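So the chains spell out like this:
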Protein chains: 2
Amino acid sequence: MAAKFLPATTLRLTPFSTLRFSSFFHISKPLFRPLRRPFFEGFPANARRRCFCTAVSESTGSGEGKKVDNSYENRFGSKVGEFRRKLKIAEVKGGADQGLGRVGQSLSIMGWVRTLRSQSSVTFIEINDGSCLSNLQCVMNPDAEGYHQVESGSVLTGASISVQGTIVASQGTKQKVELKVDKIIVVGKCDSSYPIQKKRVSREFLRTKAHLRPRTNTFGAVARVRNALAYATHKFFQESGFVWVASPIITASDCEGAGEQFCVTTLIPSSHETTDSSIDAIPKTKGGLVDWSQDFFGKPAFLTVSGQLNGETYATALSDVYMFGPTFRAENSNTSRHLAEFWMIEPELAFADLNDDMACATAYLQYVVKYVLDNCKEDMEFFDTWIDKGIIHRLSEVVEKEFLQLGYTDAIELLLKANKKFEFPVKWGLDLQSEHERYITEEAFGGRPVIIRDYPKEIKAFYMRENDDGKTVAAMDMLVPRIGELIGGSQREERLEVLEARLDELKLDKESYWWYLDLRRYGSVPHAGFGLGFERLVQFATGIDNIRDVIPFPRSPGSADF
Amino acid sequence: MAAKFLPATTLRLTPFSTLRFSSFFHISKPLFRPLRRPFFEGFPANARRRCFCTAVSESTGSGEGKKVDNSYENRFGSKVGEFRRKLKIAEVKGGADQGLGRVGQSLSIMGWVRTLRSQSSVTFIEINDGSCLSNLQCVMNPDAEGYHQVESGSVLTGASISVQGTIVASQGTKQKVELKVDKIIVVGKCDSSYPIQKKRVSREFLRTKAHLRPRTNTFGAVARVRNALAYATHKFFQESGFVWVASPIITASDCEGAGEQFCVTTLIPSSHETTDSSIDAIPKTKGGLVDWSQDFFGKPAFLTVSGQLNGETYATALSDVYMFGPTFRAENSNTSRHLAEFWMIEPELAFADLNDDMACATAYLQYVVKYVLDNCKEDMEFFDTWIDKGIIHRLSEVVEKEFLQLGYTDAIELLLKANKKFEFPVKWGLDLQSEHERYITEEAFGGRPVIIRDYPKEIKAFYMRENDDGKTVAAMDMLVPRIGELIGGSQREERLEVLEARLDELKLDKESYWWYLDLRRYGSVPHAGFGLGFERLVQFATGIDNIRDVIPFPRSPGSADF
């Protein structure tokens, strides 16, 4: 029943490096006839393989309408094929039985060679497709079809291959099943200069190979856990009735507040083709200032540092919203904790106070951590073994233990009584430093997340709600072991007069805040929210110590490559 | 059993505009004792209300550790309350029985007043909380607690209120149930200057009130449908085994390709505080050029126009990935179809060809459209009635009908034979214009989405895979009624030599593409992907004709406010 394919004689390159993809696919409709496309001999039709397209019409690309029917659909169009989920290694080996249920099944897998070991009569190939940490071990005898590619040295670490065979119980102890290969095709060879060889390379080195590092165990696992955290974030908020809102990235609004921001402009080159920009070409006023009126937005525009103020406009219409998007800091901090570009999760809850805010932050963190523990078991075991021993236990405690809260005033008292020397001073009115935060969560509370609340208003932002004591605001920081502050939030000042007085006090221009104040003018409500740096969360969940290793393409001073 | 609360005597403002939020909440633990916080008289404990925090410890903020136990947890910490989903109008009225199952239930709802009608003995208040299009009708007699606020004129359109009462069957025909109010509290009054009154206002006007427009029917519905499309996007790809990858927003990579880009810099003001920038303050070289070496990234950096090239690096490691993030165009297009900042969905499939790509795009679009039809019924009926008659039928056809594909060559033939005058010429080798695309999908194929494939290589990007004819590339555009091109994709050129030859042909600098070429050097695989402007999708699903009305804060030439 196997459809027969012809060799790819029209291809320009060596056959094995340029195989047409279609040749790997099982064609389920026996009537399928390739017209213009030559194919390699295919796999038998009963093999389990990725198979998106079940129908390719005869008229595709032929330009000839052979039927007399006058409708365009019949004269010109042909159907689009069916989309099917690709069979991946995670699916083959990932079940509770680690694949034993598939023993005897014939299937094919496509991926990249991690290692190849040839013994006298048998060759072992470890193949990985990125769907999970572990490879599929492929066992091949010299009589397997395509074995000459092994002999000729085409099957090297990094090469992409397609293997077809039968799942058998493995005799090794590292896996329950393996693939007994009937046929191998090298899809793409790997040049010997491939920098990701089996020997371990440093994470610093891999940062210079950001385009290849996801092919390593560590960065593959980070990518999967990061993905799980992102999806769990959406799930948590969607299931709780929150609406995702896209806060703007570019903003010319004056009320973005402090912090070093990136300027977004078209006054200097607007493409790579003209980066030799003469200073004289920049539009200027008579006074020698940059003439912003000629810029794209007609005034200076910046990359956002937070979507919160915008988010409040939607929270006071839709009740509960969350932002999840990139934010930016132009701070010249070349540390393992800072990025110039990072993703932020910022929920905003209407009709909510600080207690609700803390409850939501706690429930959120427990949900996403549990999701990762449940759904990324293998990756988490990898981190526990190789990156951060004990991380699974630590995260399990986050899920199981109740979070504690204490007032800033209490926290200061606790620190003053601590039998420990701190580098930075501890005094009511001063902000807590990382060493203080970590002492509280790691030592004083034995690894339990702790929320500090009610900070002095002088060290917090203008929009935080003033407490009745007149000295503190309804702010909260959630501290977690290893990271320190993971989440920062507050109840927002919803009282127009109090907010205006605070703006005056801080000598901020009320006019620029007109729309933010409008929210207090028209049906104001108590509301609260928090912010969470997504990369900090990925660090927390993986134990990776440098933040540049938990985002695909990190941006920092002097570095925006790829 | 009701917990008793005290009046908020310490509040600075009028009691009704500054109610402490906690007063609206049912406290489930009888031992709860407010310490520092005064409260209004609360609602009875059997009322159903939002109730996140079930426990507030005695020691909260008191600073006094009364217990002798020495552990910090007991001396300082108290537990964080439990997070619960807020009861919203959508939940009350949204079920199949439209709320009839809740008749007799006592509950409370918080939201914003849409309208108020007072008759002699009864007052009707329509309240909306953004969870759904429809309001909850509240019926109140003069003996309801807080009725004096109605009499004094505090309950105006736009005011935020909390109402508590019993769900009863409605005598009106517009809804099955309504709330018989026992108690009303005005949470935040609404100034009479409120611009969103009942009379209809233009969408142009509302663009100047972007902070308030989500409180209207149209923009509330757009926000909910937009949210549903975003979540359905994540669900579709996650369920299909794709990994979400954050492609970088700022990029100094030279291979971003053509198109007007925004420059990201700290050479000119890096905060709003110093926007009076002297031209002389910009670092320059001896030759009078901008000295990029002194910029944040040490060279010119830009906002991304697409995450595709970066995405390919992850697809060739993890097999299937998708990007969903903001992208930017500095084009001076002040049209209803263009934004300077918009969100893009860009999946990338390894071991896939153009047929797989089309199949995936089709399945994706059908999935998200079906999700919206299933989950946003009321909003879609609103759009069908008020914005775009027939849209539900049109979208249902998208879900049910098979999509068709035809070659570009066939499309040209079809257009040449069409009994229609086009403004732009139709000729093999020229790109299809919007009028051509809409003719094909709307007229020739009667409203069915159509995919055009195999375009002349001269009008497509360098990375698209060359077909065997040497003239066309494996590109595809999906055309849909009303919008024209919704999705554009291609199989990527995976053959190193062919790609290098193409770069040479186009006089592009191969050196800048070193990492992109590496993907073809080390285990290259056939791969394909597509891009979809998210706002175009929201337009397609809502019928809203101006793209600035389907993103919360649109950015266009001269406009980056809020």
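These numbers come from a predicted model, not from an experiment. (Residues numbered from 1 in each chain as written. Chains lettered and ligands numbered in written order. Predicted model: local features only at pLDDT ≥ 70, side-chain atom pairs only at ≥ 80, totals over all residues. Heavy atoms only, no water.)

Observations concerning the packing of helix α5 (residues 217-239) of chain A against helix α14 (residues 534-542) of chain A
All names here are of chain A. In contact at an axis separation of 10 Å, α5 and α14 are set at 120 degrees when each is read in the N-to-C sense. Accordingly, the angle class assigned to the pair α5 and α14 is oblique. Remark: the crossing between α5 and α14 carries right-handed chirality. Where α5 approaches α14, its residues Val222, Val225, Arg226, Leu229 and Ala230 are matched on the opposing element by Phe534, Glu535, Leu537, Val538, Ala541 and Thr542. (Axes fitted to C-alpha atoms, helices over the stretch in contact; angles between N-to-C directions. Helix = DSSP H or I, 4+ residues; strand = E, 2+ residues; numbered from the N terminus. Parallel < 35°, antiparallel > 145°, perpendicular 65-115°, else oblique. Left-handed = near helix turned anticlockwise from the far one by under 90°. Contact = heavy atoms within 4.5 Å.)

Side note on the nonpolar core
By size, the foremost hydrophobic cluster in this structure holds 130 residues, and its most contacted members are A:Leu365, A:Phe534, B:Leu365 and B:Phe534. Leave out the neighbours within four places in its chain, and A:Leu365 touches A:Val398, A:Phe403, A:Met478, A:Val480, A:Leu486, A:Leu537 and A:Phe540. (Core = buried A, V, L, I, M, F, W, Y, C linked by side-chain atoms within 4.5 Å. Buried < 20%, exposed > 50% of the residue type's maximum accessible area, 1.4 Å probe, protein only.)

Description of the relation of the copies chain A and chain B
Rotating chain A by 180 degrees and translating it 0.0 Å along the rotation axis places it on chain B, where the RMSD comes to 0.0 Å. As the rotation angle and translation indicate, the two copies are arranged about a two-fold axis. Within chain A, A:Val264 has its C-alpha nearest the rotation axis, a separation of 2.4 Å. A shared interface surface links the copies, since 99% of the contact residues of chain A are contact residues in chain B too. (Least-squares fit on C-alpha atoms with pLDDT ≥ 70 in both.)

Quick notes on the pattern of salt bridges
Taken as a whole, this structure holds 68 salt bridges over all chains when the rule is applied. A salt bridge links A:Lys510 to A:Asp504; the nearest nitrogen and oxygen atoms lie 3.1 Å apart. With relative accessibility at 30%, the residue A:Lys510 sits in the partly exposed group. Taking relative accessible area as the criterion, A:Asp504 reaches 42% and is therefore assigned partly exposed. Taking the shortest distance from any N to any O, the salt bridge between B:Glu494 and B:Arg465 comes out at 2.9 Å. Within this pair, whereas B:Glu494 is found in the loop between β16 (484-492) and α12 (496-505), its partner B:Arg465 is found in the loop between β14 (450-456) and β15 (472-480), the two being separated by 29 residues in sequence. Assessed through its relative accessible area of 1%, B:Arg465 is described here as buried. (Salt bridge = Lys/Arg side-chain N within 4 Å of Asp/Glu carboxyl O.)

Describing unusual backbone geometry
Despite not being glycine, A:Asp454 has its phi angle at roughly 60 degrees, a positive value. Relative to the helices and strands, A:Asp454 resides in strand β14 (residues 450-456). At B:Ser319, a residue that is not glycine, the phi angle is positive and equals roughly 80 degrees. With respect to the helices and strands, B:Ser319 occurs in the loop between α6 (308-318) and β11 (320-328).

Looking at the confidence of the model for chain A
All names here are of chain A. Taken as a whole, chain A shows an average pLDDT of 87; of its residues, 85% reach a score of 70 or greater. For residues 1-70, every residue scores under 50 in pLDDT, and the model assigns this stretch 165 contacts once sequence neighbours within four places are set aside. Under the prediction, the complex receives an ipTM of 0.89, its pTM being 0.89. (pLDDT = per-residue confidence, 0-100.)

Observations regarding the interface of chain A and chain B
Contacts between the two partners involve 198 residues from chain A and, on the opposite side, 197 residues from chain B. Taking both partners together, chain A and chain B bury about 16600 Å²; carbon and sulfur atoms supply 60% of that area. The tally of links from chain A across to chain B stands at eight salt bridges. Linking chain A to chain B there are 62 residue pairs in polar contact (both at pLDDT 80 or more). The element that contributes the greatest number of residues to the side of chain A that touches chain B is α5(A), accounting for twelve residues. Residues belonging to the side of chain A that touches chain B are distributed by class as follows: 94 nonpolar, 53 polar and 51 charged. (Buried area = accessible area lost by both parts, 1.4 Å probe. Polar contact = N/O pair within 3.5 Å; in protein donor to acceptor, adjacent residues only side chain to side chain. Nonpolar A, V, L, I, M, F, W, Y, C, P; charged D, E, K, R; others polar.)

Observations concerning the packing of aromatic side chains
Pairs of aromatic rings are described using the distance from one ring centre to the other and the angle between the two planes. All chains considered together, the criterion is met by 62 aromatic pairs over all chains. Here A:Phe262 and B:Phe296 contribute two aromatic rings whose centre-to-centre distance is 4.9 Å and whose plane-to-plane angle is 80 degrees, an arrangement assigned as edge-to-face. Of this pair, A:Phe262 sits in the loop between β8 (250-251) and β9 (263-265) while B:Phe296 sits in the loop between β9 (263-265) and β10 (301-303), on two different chains. Residues A:Phe262 and B:Phe296 agree in their burial class; the two are buried. Between A:Lys471 and the ring centre of A:Trp428, over which it is positioned, the NZ or CZ distance is 5.2 Å. (Phe/Tyr/Trp six-rings, centres within 6.5 Å; stacked < 30°, edge-to-face > 60°. Lys NZ or Arg CZ within 6 Å of the ring centre and 35° of its normal.)

Some details on the packing of helix α6 (residues 308-318) of chain A against helix α13 (residues 514-521) of chain A
Residues and elements named next belong to chain A. At their nearest, the axes of α6 and α13 sit 10 Å apart, and the two run at 30 degrees to each other. With respect to each other, α6 and α13 are oriented roughly parallel. Crossing handedness for the pair α6 and α13: left-handed. Of the residues in α13, those in contact with Gln308, Leu309, Asn310, Glu312, Thr313 and Thr316 of α6 are Trp515, Tyr516, Leu519 and Arg520.

Remarks on the pairing of strand β13 (residues 404-407) of chain B
In β13(B), alternate side chains face the same way, and those of B:Leu404 and B:Leu406 on one face and B:Gln405 and B:Gly407 on the other are all buried. Judged from the two bridges that link them, strand β1 (residues 78-79) of chain A and β13(B) form a sheet pairing that is antiparallel. Pairing of A:Ser78 across the sheet is with B:Gln405, part of β13(B). The pairing of β13(B) with β14(B) spans four bridges and is parallel. Bridging across to β14(B), B:Leu404 finds its partner in B:Val450. (Pairing = 2+ DSSP bridges.)

Structural notes on α6(A)
Along α6(A), eleven of the eleven residues are buried, which leaves the element largely enclosed by surrounding structure. Just downstream of α6(A), A:Ser319 is the residue with a positive phi angle, here 80 degrees.

Things to note about the pairing of strand β3 (residues 123-128) of chain A
Residue and element names in this part refer to chain A. Of all six residues making up β3, six are buried, and the element is well covered by its neighbours. Burial along β3 is two-sided: the residues Thr123, Ile125 and Ile127 and Phe124, Glu126 and Asn128 are all buried. Of the pairings in the sheet, the one linking strand β2 (residues 106-118) to β3 comprises six bridges and is antiparallel in character. Within β3, the residue paired with threonine 115 across the bridge is glutamate 126. Of the strand pairs in this sheet, β3 and strand β4 (residues 136-140) are connected by five bridges, and their pairing is antiparallel. Paired with glutamate 126 across the strands is glutamine 137, a residue of β4.

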